[in-house]
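Structural features, examined
The primary structure of each chain is shown beneath.
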Amino acid sequence: MGLDEFARGSEDSFIAQVASTIGAVVVTWNYKHFKALAAKRRKDGKPSYPGMGLIAFTCEEAIGKARLGEFMHIIESEYSYRHPFSDKRLLIAIGPSYLRV
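Read on for an overview of the structure. (Residues numbered from 1 in each chain as written. Predicted model: local features only at pLDDT ≥ 70, side-chain atom pairs only at ≥ 80, totals over all residues. Heavy atoms only, no water.)

Within helix 1 (residues 12-22) the residues assigned to the buried category are Asp12, Ile15, Ala16, Ala19 and Ser20. Viewed end-on, helix 1 has its buried residues packed into an arc of 130 degrees, placing them on one side of the element. Turning to helix 1, the residues buried within the fold contact strand 1 (25-28) and helix 2 (31-39). Positioned one or two residues after helix 1, Gly23 has a phi angle of 70 degrees, which is positive. (Buried < 20%, exposed > 50% of the residue type's maximum accessible area, 1.4 Å probe, protein only. Helix = DSSP H or I, 4+ residues; strand = E, 2+ residues; numbered from the N terminus. Arc of directions from axis to C-beta. Contact = heavy atoms within 4.5 Å.)

Moving on, we get to the environment of Tyr49. Among the secondary structure elements, Tyr49 is positioned in the loop between helix 2 and strand 2 (53-57). Classification of Tyr49 as buried rests on a relative accessible area of 10%. As for Tyr49 and Ser97, which are separated by 48 residues in sequence, their C-alpha atoms are 28 Å apart. When sequence neighbours within four positions are dropped, the list of residues in contact with Tyr49 reads Ser13, Ala16, Gln17, Ser20, Leu37, Lys40 and Arg89.

Moving on, we come to the pairing of strand 1. Residues of strand 1 alternate between two faces, with Val26 and Thr28 buried on one and Val25 and Val27 left unburied on the opposite face. Note: strand 1 against strand 2, four bridges, orientation parallel. Looking at the pairing, Val25 lines up with Gly53 of strand 2. For the crossover that starts at strand 1, traverses helix 2 and ends in the parallel strand 2, the hand is right-handed. (Pairing = 2+ DSSP bridges. Right-handed = clockwise from strand over helix to strand, strands pointing away.)

Take a look at the structure:
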């Protein structure tokens, strides 16, 4: 298994922890669960998965892949904008008619 793909059935929290540890972006169609994980906070108020970025889709895979291609320049621009900040997380939702950053 490479870092770019986890085995089917891997726990979402495990994927989030690995992504946070290595500073990776999770790309998923499991929007509901990963949105909740991205919003999760520790007792001190800091993010539970501070190094995890997220691109989550709320549309069918074929549509999502096309929309990702359309939005890639915006995503890259937002990533560049966030890079100097201490909180570098980029949380993105892509649907059939929207992009939310």
